[in-house]
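Structural characterization, general
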Amino acid sequence: MKKTASISAALAAFVALSVLPPMASAQEKGTQADTADSLWREELSPVVVTGTRNGTDIRHLPLTVTVLDRPEIEYSNTPSLLPILSEQVPGFFSTSRGIMGYGVSDGSAGAISIRGLSGSSGQVMVLIDGHPQYMGMFGHPISDSYQSLMAERVEVLRGPASVLYGSNAMGGVVNIVTRKMEQDGVSTGINAGYGSWNTVQSELTNRVRYKGFSSIVSASYNRTDGHRYDMGFEQYGGYAKIGYDFSGHWRVRADVNVTHFNASNPGTVSEPLADADQSVTRGMTSMAVENEYERTSGALSVFYNWGDHHINDGYHPLDGESPLDYRFNSHDDMMGVSAYQSVRLFRGNRLTAGVDWYRFGGSAWNMYVAGERDGEREDIADVTRHEVAGYVDFRQSIGAWLTFDAGVRVDHHSSIGTEWVPQAGLSFHLPCAVELKASASKGFRYPTLREMYMFPPQNPDLKPERMWTYEISMSQQLLRGRLSYGVNVFYIDGDNMILRLPNPDGAGMLNQNSGRIGNAGVEAQVSWRIAADWSVNANYSFLHMDSPVVAAPEHKLYAGGLFTHGRWYVSTGVQYVAGLYTQVGDSPEQEDFVLWNVRASFRILDWMSVWVRGENLLNWKYEINAGFPMPGANVMCGLDFKF
């Protein structure tokens, strides 16, 4: 459903909101400019943990990392993290089918892709504080679990991260770094909103810090009727974290997160479904002991995540089908122990070594609820596997202009075997604040338990998918850091991709390691702090795929502007997506669309703000999942209290 209404109209609306003059006195401008300069200088070289496990200046990493901090997440006023990631991270895309909620099973959304590699296929890993979450539904992320309430920041590493994180990180990782409280005191926040299609979102958070003790407790409730009949969604979420700093060098923390949601799948417009309902509970808990000294830092952590899923796949009443007499059920879990220590052996050096041990598995079954088999359980799979790995990452700065990084991982799967994973890269720190980087990284993915043991065409003899990514990037900062830009090019060469192909024995279909992948692309981003009140940013990605896949657009462009002054916060942005495959194969279908979003808040009192969020304000008609038309123009508004 392509729409030919002018893209220029959308861009004109964005520009009109981006060029209004700031309203401040000369003195205010001077004060705000000094503050902005200070903040901007602090942000020139963000410290990230995803690419190295320990906090590292991003300039010394040969990898491509995008960071979203708490203010960006908070001011978006969206319960899910995925919409803002899709806007701000080039090469990243997530599918959607409605105003709220992604669901699971057939017709679900929330599929994450980076550079044409899919989280639904286990090729992109979601982490919470560095702990993998890939056991969702036996091998892929469940996006309704990744809520804004728990995130202090999100780090998205584009490209293989298998050296540090193993299987499923071959295309990249999304690391959710959980919230914290820096200063002593008590802080409580309440955020509630209401909008189109009877949509409700709410969040309550309390944070405490007293000397060495800290705690965070968050709860949320979200629901919507949906923009189509029988597309309701309801979600309850909770997150709690406690920590204690024994000294400036040692600390301990523990947390737990539980999300429950009920979702309905109405089916496609041409083939509507009835009774396609899902009830899903996901949980995560972890505990870590961390140390940090001038020359060394590290952590020992244990984690456990689990899920219970009850699904009615529904039936097609218009085709004369009858309600299903069974329900699909599954339980999966994953536990692990991770330890690493990073040490500075001599000047300019950093050596990180670590080990991981994982146990993962679960069971799936059909439970009959009607007919002659009422009350009978039909087992589908009951599988448990183990994985153990060790890795070393070595980084060395040579003078002030060059950093060399190399690493290797040895990973052993209890039923598949051993995989060696190397990577290497160079970072050149050149005059005029220019950074030039080059890297070559191997990524891999073990076949999921679902691909090996559940549902035809399962194949227990599958081997790992493997690929190499080659990347070159350049970035520069100008105008004392007010203007920055970056561009990178990459090439992905992969084989052993798992495809569903005719069984060589002639008996139906079979999952087989027969596919290849050859993706190439360009990614660019630019940001400019025009004045203390105004800033603009844009990012663009182009992706060429030898073998197209769904949910990976050929072109993705986002241009946004931000105005902050006194009690006002206003942001607006236009996203352009072209060449998005919603269906591949013999009858491929593609979509092009433009979305214009606006977010604004006004602080009425020191402790109360009112906010509004408008999405798809051009009322564009488009699809991301084939057969699931997306919502038209919609608005949410609410109140935010801080005590």
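Because the structure is a prediction, the values reported are computed rather than measured. (Residues numbered from 1 in each chain as written. Predicted model: local features only at pLDDT ≥ 70, side-chain atom pairs only at ≥ 80, totals over all residues. Heavy atoms only, no water.)

Here we take up the overall build of the protein. Of the regular secondary structure elements, the protein holds six helices and 32 strands. C-alpha atoms of the protein, sized along the principal axes, occupy 80 × 55 × 50 Å. Going through the 643 residues of the protein one by one, you find that 54% of them count as buried. If you take every contact in the protein between residues at least 6 apart in sequence, the share linking residues at least 24 apart comes to 62%. Carbon and sulfur atoms make up 60% of the accessible area of the protein, which totals about 26500 Å². Of the charged side chains in the protein, 51 are positive and 68 negative; the average position of the first set lies 8 Å away from that of the second. (Helix = DSSP H or I, 4+ residues; strand = E, 2+ residues; numbered from the N terminus. Buried < 20%, exposed > 50% of the residue type's maximum accessible area, 1.4 Å probe, protein only. Contact = heavy atoms within 4.5 Å. Areas by Shrake-Rupley, 256 points an atom, 1.4 Å probe, with all protein chains shown as cover. Lys, Arg positive; Asp, Glu negative; His and termini not counted. Charge placed at Lys NZ, Arg CZ, Asp CG, Glu CD.)

A separate point is the environment of Glu 152. Inspection of the secondary structure assignment puts Glu 152 in strand S9 (residues 151–158). Given a relative accessible area of 18%, Glu 152 falls into the buried group. Sequence separation between Glu 152 and Val 577 is 425 residues; the distance between their C-alpha atoms is 28 Å. In this structure, Glu 152 is in contact with Asp 69, Arg 70, Ile 73, Val 177, Thr 178, Arg 179 and Lys 180, ignoring residues within four places of it in sequence. Among the polar contacts made by the side chain of Glu 152, one reaches the main-chain amide nitrogen of Lys 180 at a distance of 3.4 Å. (Polar contact = N/O pair within 3.5 Å; in protein donor to acceptor, adjacent residues only side chain to side chain.)

Turning our attention to the sheet that holds strand S6 (residues 117–118). Reading across from one edge, S4-S5-S6 is the order of the three strands in this open sheet, with antiparallel pairing throughout. Of all the strands in the sheet, the pair left with one neighbour each is strand S4 (92–94) and S6. Bridge count between strand S5 (residues 112–114) and S6: two bridges; the pairing is antiparallel. Directly across from Ser 113, in S6, lies its bridge partner Ser 118. (Pairing = 2+ DSSP bridges.)

Tallying each qualifying case throughout the model produces 17 aromatic pairs. Taking the centre distance of 3.9 Å and the plane angle of 10° together, the rings of Tyr 75 and Tyr 569 count as stacked. Residue Tyr 75 is located in helix H3 (residues 70–76), and its partner Tyr 569 is located in strand S29 (residues 568–583); the two are separated by 494 residues in the primary sequence. Overall, Tyr 75 belongs to the partly exposed group, its relative accessible area being 36%. Using a relative accessible area of 13% as the deciding quantity, one classes Tyr 569 as buried. Sitting over the ring of Phe 490, Arg 115 keeps its end group 4.2 Å from the ring centre. In this arrangement the basic side chain of Arg 377 is found over the ring face of Trp 365, its NZ or CZ atom lying 4.0 Å from the centre. (Phe/Tyr/Trp six-rings, centres within 6.5 Å; stacked < 30°, edge-to-face > 60°. Lys NZ or Arg CZ within 6 Å of the ring centre and 35° of its normal.)

With that out of the way, let us pick up the sheet that holds S9. Strands sit in the order S3-S9-S10-S7-S8 across an open sheet of five strands; the sheet is mixed. Of all the strands in the sheet, just strand S3 (64–69) and strand S8 (131–132) have a single pairing partner and so form its edges. Relative to S8, strand S7 (residues 125–128) is paired through two bridges, and the arrangement is antiparallel. Bridging across to S8, Ile 128 finds its partner in His 131.

This part is about the pattern of salt bridges. Going through the model one piece at a time under the given rule, you end up with 30 salt bridges. Among the ionic pairs, Glu 155 bridges to Arg 153, the shortest N-O distance being 2.7 Å. Note on accessibility: Glu 155 and Arg 153 belong to one class, buried. Residues Glu 615 and Arg 613 are paired through a salt bridge, measuring 3.2 Å at the closest nitrogen-oxygen approach. Both residues of the pair, Glu 615 and Arg 613, belong to the buried class. Look at the salt bridges and you will find they share partners, linking Asp 129, Arg 251, Arg 253, Glu 290 and Glu 292 into a network. (Salt bridge = Lys/Arg side-chain N within 4 Å of Asp/Glu carboxyl O.)

Of all residues except glycine, most have a negative phi; of all peptide bonds, most are trans. Cis geometry marks the peptide bond from Pro 456 to Pro 457, where omega comes out at 15°. By the element assignment, Pro 457 lies in the loop between helix H6 (449–453) and strand S24 (465–478). In this structure, Trp 197 is a non-glycine residue whose phi angle is positive, near 60°. Tracing the sequence through the fold places Trp 197 in the loop between strand S11 (185–195) and strand S12 (199–210). What makes Trp 197 partly exposed here is its relative accessible area of 30%. Phi is positive for Phe 455, which is not a glycine, with a value near 65°. Assessed through its relative accessible area of 36%, Phe 455 is described here as partly exposed.

Below, the discussion takes up the environment of Val 598. Looking at the secondary structure, you find Val 598 in strand S30 (residues 589–605). Along the primary structure Val 598 and Val 67 are separated by 531 residues, whereas in three dimensions their C-alpha atoms are 21 Å apart.

Our next topic: the environment of Arg 482. Following the sequence through the fold, Arg 482 ends up in the loop between S24 and strand S25 (483–502). Since its relative accessible area comes to 17%, Arg 482 is described here as buried. Residues Arg 482 and His 565, spaced 83 residues apart in sequence, show a C-alpha to C-alpha distance of 18 Å.

Okay, the nonpolar core next. Ranked by internal contacts, the top residues of the largest apolar core, which has 25 residues, are Leu 85, Phe 92, Val 154, Val 156 and Ile 176. Listed by contribution, the elements that provide at least two residues to this core are helix H4 (82–88), S5, S7, S9 and strand S10 (172–178). Excluding residues that lie within four positions of it along the chain, Val 154 makes contacts with Thr 66, Val 67, Leu 68, Ile 73, Leu 81, Leu 85, Val 174 and Asn 175. Core analysis: the next-biggest nonpolar cluster, separate from the first, contains 19 residues, Ile 99, Ile 311, Ala 381 and Leu 449 among them. (Core = buried A, V, L, I, M, F, W, Y, C linked by side-chain atoms within 4.5 Å.)

Mapped onto the elements, Asp 144 comes out in the loop between S8 and S9. Arg 97 provides the closest opposite charge to the buried, salt-bridge-free Asp 144, at an N-O distance of 6.8 Å. Sequence-distant contacts of Asp 144, defined by excluding residues within four places in its chain, comprise Gly 101, Tyr 102, Gly 103, Phe 233, Gln 235, Thr 259 and Phe 261.

Once that is clear, we can look at the confidence of the model for the protein. Per-residue pLDDT for the protein averages 89, and the proportion of residues at 70 or more is 91%. Across residues 1–44, confidence stays below pLDDT 50; counting only partners more than four residues off in sequence or on other chains, it has 64 contacts. (pLDDT = per-residue confidence, 0-100.)

With eleven bridges connecting them, S11 and S12 associate as antiparallel partners. Paired with Val 186 across the strands is Val 208, a residue of S12. Sheet topology note: the S11/strand S32 (residues 634–642) ladder contains seven bridges and is antiparallel. Counterpart to Ile 190 in the pairing with S32 is Phe 641.

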